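Geometric and topological summary
What follows is each chain in one-letter form.
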Amino acid sequence: MAAKQKTVYVCSECGAETGNWAGKCPSCGAWNTLTEFKTDSSPRRGELSRTRGFQRAKKISELDTSAEIRFTTGISEFDRVLGGGAVVGSLVLVGGAPGIGKSTLLLQMCGHTPADQTLLYVTGEESERQLKLRAMRLGVNQPSVYVLAETGLDRILASMDDLGPQVVIIDSIQTISDESLDSAPGSISQVRECTMRLMRVCKEKGITIFVVGHINKEGSIAGPKVLEHMVDCVLYFEGERSTSFRILRAAKNRFGSTNEIGVFEMAGNGLRCVENPSELLLSGRPENAPGTCVACVMEGSRPILAEVQALVSTTTFNASRRSNGIDYNRAAMLLAVLEKRGGLQVAGCDTYINVIGGLFLEEPAADLATVLAIASSFLDRPLGLDLAAVGEVGLSGEIRSVSNLNQRLAEIVRLGFRRCIVPLHVKDETEAPKGMELISVRNINEAIAAVLR
Ligand code: TYD
Ligand code: MG
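None of these values were measured; they are calculated from a predicted model.

Definitions and limits used
Residues numbered from 1 in each chain as written. Chains lettered and ligands numbered in written order. Predicted model: local features only at pLDDT ≥ 70, side-chain atom pairs only at ≥ 80, totals over all residues. Heavy atoms only, no water. Axes fitted to C-alpha atoms, helices over the stretch in contact; angles between N-to-C directions. Helix = DSSP H or I, 4+ residues; strand = E, 2+ residues; numbered from the N terminus. Parallel < 35°, antiparallel > 145°, perpendicular 65-115°, else oblique. Left-handed = near helix turned anticlockwise from the far one by under 90°. Contact = heavy atoms within 4.5 Å. Nonpolar A, V, L, I, M, F, W, Y, C, P; charged D, E, K, R; others polar. Domains from an automatic or database assignment. Buried area = accessible area lost by both parts, 1.4 Å probe. Salt bridge = Lys/Arg side-chain N within 4 Å of Asp/Glu carboxyl O. Pairing = 2+ DSSP bridges.

Here the focus is the packing of helix α8 (residues 328-340) against helix α9 (residues 367-379). For the pair α8 and α9, the least separation of the axes is 10 Å and the interaxial angle reads 60 degrees. Between α8 and α9, the interaxial angle falls into the category oblique. Handedness of the α8/α9 crossing: right-handed. Mapping the contact onto sequence places Arg-330, Leu-334, Leu-335 and Leu-338 in α8 and Asp-367, Thr-370, Val-371, Ile-374 and Ala-375 in α9. Among the residues forming the contact of α8 with α9, the class breakdown is 6 nonpolar, 1 polar and 2 charged.

According to the domain assignment, the protein chain contains domain 1 (5-47), domain 2 (69-275) and domain 3 (280-452). Across the domain 1/domain 2 interface, buried area totals approximately 900 Å², and carbon plus sulfur atoms make up 54% of it. Put simply, Glu-17 and Arg-192 hold a salt bridge, and the shortest N to O gap is 3.0 Å. Secondary-structure elements contributing two or more residues to the side of domain 1 that touches domain 2 are β1 (7-11) and β3 (34-38). A class-by-class count of the residues in the side of domain 1 that touches domain 2 yields 3 nonpolar, 3 polar and 4 charged.

With that settled, the discussion passes to the packing of α9 against helix α11 (residues 444-452). Contact geometry for α9 and α11: axes closest at 11 Å, N-to-C directions at 55 degrees. When the interaxial angle is binned, α9 and α11 end up oblique. The crossing of α9 and α11 is right-handed. Contacts between α9 and α11 involve Leu-368, Val-371, Leu-372, Ala-375, Ser-376 and Leu-379 from the former and Ile-444, Ala-447, Ile-448, Val-451 and Leu-452 from the latter.

Moving on to the sheet that holds strand β23 (residues 437-441). In spatial order, the strands read β17-β18-β16-β15-β19-β22-β23; together these 7 strands make up an open sheet with mixed pairing. Pairing within the sheet leaves two strands with one partner each, and these edge strands are β17 (321-324) and β23. This sheet shows a mean twist of 25 degrees between the axes of neighbouring strands, independent of strand direction. Note that β17 and strand β18 (residues 349-355) share 4 bridges and pair parallel. Bridge pairing in β18 links Arg-321 to Thr-351. Across the face of the sheet, α8 comes into contact with β17 and β18 while running at roughly 125 degrees to β17.

What follows is the structure, encoded as structure tokens:
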């Protein structure tokens, strides 16, 4: 039965599909992002083959959970983000800017392949020689690791059939292509079709597949965004190339939470897991300088300390503001609260806020530290190196309680801090860890008065 060929249009921003072309994506509203995509006309789309071998629906009470088997990647921070190791037969997308360290991470994982397993590393970007040189640098030389320098999807699948690996790495999705499609590698239709076919193999044969996907800022190449809804797990590798700090974050995980982050440091011999990120983030703090305060945020189950820096200077021109590591609107709100409730004339000043280490503080628990860093810079008085601050700031300048305070305080005292500012009403329930003074405050005025005046 001849199947009809259908044309759909896919948005490169959000991955939405529509039947008609439009200048503006009807789903996310982005302009000029819809690209034509011809769906496959092979007979497997015919009705007969679609219903053949259908499965009878099962009762939820009788479903088997032992099907979810995990294996360790050998990299503790990677396992943590995956939710306790990779799930056998899942497809994991590892996205990130070029040069951030995706290939390095996956190649290091190869170094932990057990002898009774087979892993296939498919590289479409580097030659065998280049890959070997890098593997030597990372100390990866297991006989159970196989390498294939290939970009044609059919030939890759044939090699997989031939070798029978349990784990496959595709580096990267933008370099491989299905030659039956006439679009170029890296185009939306190629990236989608190749991922769909890999997904099918992954589910049919129970192979675990890691797919690398590059992201570029302009979005001119089809990236992980259009694949997010298809795959089991989407991880993003973040960090500034100028610093050695790297964060692996889950944007989607069918087998675990998306709260956990993995922290790495890029060294000369590859990525190193950072089990105590706070220590690294706080290293090199300036001695007794104004405009810095330490905050404690929860990243999944783990409290992390980060240094918030602020620089406030008077200007005769229009005030400019930059915030790096804290949401711009949140920073603007905190400045307005300081002006109106704290009585500091910061609104007309140039204000720069920066979080050290490329970390992005999403939690409102970092508000108080941000406010104190700004006030400290404005008043030109240091807060002292032994002080940390935890609390959300409300619009009337009140300090509101935060979750997991005991866990945060334990981390704060572990890193040698002796004083911590906390919201007032939590004092009754919270016991100060040994060797720490809790300064409980009702509002930002009390906080400023307690440590800056
Ligand atoms: P890479 O893994 O190739 O990035 P991606 O696959 O995401 O494009 O990372 C390359 C960068 O990492 C490159 O700038 C060099 C650096 N690097 C190190 O600093 N140390 C190392 O041991 C390795 C292998 C790479
Ligand atoms: Mg790479």
